[in-house]
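# Descriptive structure summary
One-letter residues, chain by chain:
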Amino acid sequence: SPPVPAPPSRPGAIVLLLVGIPPLSVLLSTIGLVLAAGGAGDLVRDDYYKAGMVVQQDLTAARQAEVLGIGASLVVRGSDIELHSDQLLPSSLRLTLVHPAWARHDVEVTLTRDPSGPSGTATRWTGKAGTALPAARWAVLLTAEGARWQLRTDASLPGSVALGSRRPAAAQPDATAPPGAGA
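Residues numbered from 1 in each chain as written. Predicted model: local features only at pLDDT ≥ 70, side-chain atom pairs only at ≥ 80, totals over all residues. Heavy atoms only, no water.

### So, the nonpolar core
In terms of nonpolar packing, the biggest core is built from 29 residues, with Leu74, Ile81, Leu83, Leu93, Leu97, Leu111 and Trp149 touching the most fellow members. If you list the elements that add at least two residues to this core, you get α3 (55-68), β1 (71-77), β2 (80-85), β3 (92-98), β4 (107-113), β6 (136-143), β7 (151-157) and β8 (159-164). The dominant element in this core, judged by the number of residues it contributes, is β6, at four residues. The residues touching Leu83, leaving out its near neighbours within four places in the chain, are Ala72, Ser73, Leu74, Leu93, Leu111, Thr123, Arg124, Trp125, Leu142 and Leu163. (Core = buried A, V, L, I, M, F, W, Y, C linked by side-chain atoms within 4.5 Å. Buried < 20%, exposed > 50% of the residue type's maximum accessible area, 1.4 Å probe, protein only. Helix = DSSP H or I, 4+ residues; strand = E, 2+ residues; numbered from the N terminus. Contact = heavy atoms within 4.5 Å.)

### Re the pattern of salt bridges
This structure, assessed with the given rule, holds five salt bridges. Residues Glu82 and Arg124 are paired through a salt bridge, measuring 3.6 Å at the closest nitrogen-oxygen approach. You can see Glu82 sitting in strand β2 and its partner Arg124 sitting in strand β5 (residues 123-128), a full 42 residues away along the chain. Classification of Arg124 by relative accessible area gives partly exposed; the value is 21%. The salt bridge involving Asp114 is made with Arg124; its shortest N-O contact spans 2.1 Å. In this pair, Asp114 sits in the loop between β4 and β5 while Arg124 sits in strand β5, placing the two residues 10 residues apart along the sequence. (Salt bridge = Lys/Arg side-chain N within 4 Å of Asp/Glu carboxyl O.)

### A word on the confidence of the model for the protein
Counting all residues, the mean pLDDT for the protein is 78, and 73% of those residues have values of 70 or more. Low pLDDT (under 50) marks residues 167-174, which in the prediction has 13 contacts with non-local residues, meaning those over four places away or in another chain. (pLDDT = per-residue confidence, 0-100.)

### A closer look at the packing of aromatic side chains
Ring pairs (aromatic) are described by centroid distance and by the angle formed between their planes. Following the criterion strictly, the structure yields zero aromatic pairs and no others. Over the aromatic face of Trp102 sits the side chain of Arg104, whose NZ or CZ is 4.8 Å from the ring centroid. (Phe/Tyr/Trp six-rings, centres within 6.5 Å; stacked < 30°, edge-to-face > 60°. Lys NZ or Arg CZ within 6 Å of the ring centre and 35° of its normal.)

### Focus: the environment of His84
As for its position among the elements, His84 is in strand β2. On the basis of relative accessible area, His84 is assigned to the partly exposed category, the value being 27%. Placed 12 residues apart in sequence, His84 and Ala72 show a C-alpha to C-alpha distance of 5.5 Å. A distance of 2.8 Å separates a polar atom in the side chain of His84 from a polar atom in the side chain of Glu82. (Polar contact = N/O pair within 3.5 Å; in protein donor to acceptor, adjacent residues only side chain to side chain.)

### Examining the sheet that holds β1
Here we have eight strands laid out as an open sheet, ordered β7-β6-β3-β4-β5-β2-β1-β8, and antiparallel in their pairing. Since the sheet does not close on itself, it has two edges, and those belong to β7 and β8, each with one partner. Across the sheet, the mean angle separating the axes of adjacent strands is 25° when strand polarity is ignored. By the bridge criterion, two bridges tie β4 to β5 in an arrangement that is antiparallel. What sits directly across from Arg113, in β5, is Trp125. (Pairing = 2+ DSSP bridges. Axes fitted to C-alpha atoms, helices over the stretch in contact; angles between N-to-C directions.)

### Notes on unusual backbone geometry
Of note, the amide linkage connecting Leu157 to Pro158 takes the cis form, showing an omega dihedral of 0°. Examined against the element boundaries, Pro158 turns out to sit in the loop between β7 and β8.

Below, the structure written as structure tokens:
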């Protein structure tokens, strides 16, 4: 009787493992590259070094606001922003809201004094962000053009937050004075 041919051999598990590893590693590397290239890339500011260099200037401006006793309360509802203060502040203020992780959410708003605001010494400034702010813990910075002071705090927004000092208005120096005048 003629010899019976052997059934075709199947590759063993070891051979499959050795042949399968290179294509699998190429596939997983490609997936990782696609995710890295298209994913969230701005968790760290691109200009972190420059931002670190101005920290001292910011601290000096914050100390100056403290010396002047500048204070205000900020209310954020959606994209509507209101600032209230019983102090003599410039008619135009700059509010910067820095998102803790996503630079694309950072907002800079010009707040203008509302002439129809409440009577008396309390004054109101209003502004509008481009879109409603996402809920987060924001870095809040308030200053005026050419001012040597800056109010800073961290706050959960939307919502309300107190900025700076809350001394009585009679004890306040004039915060609208040009740089170099007075305190």
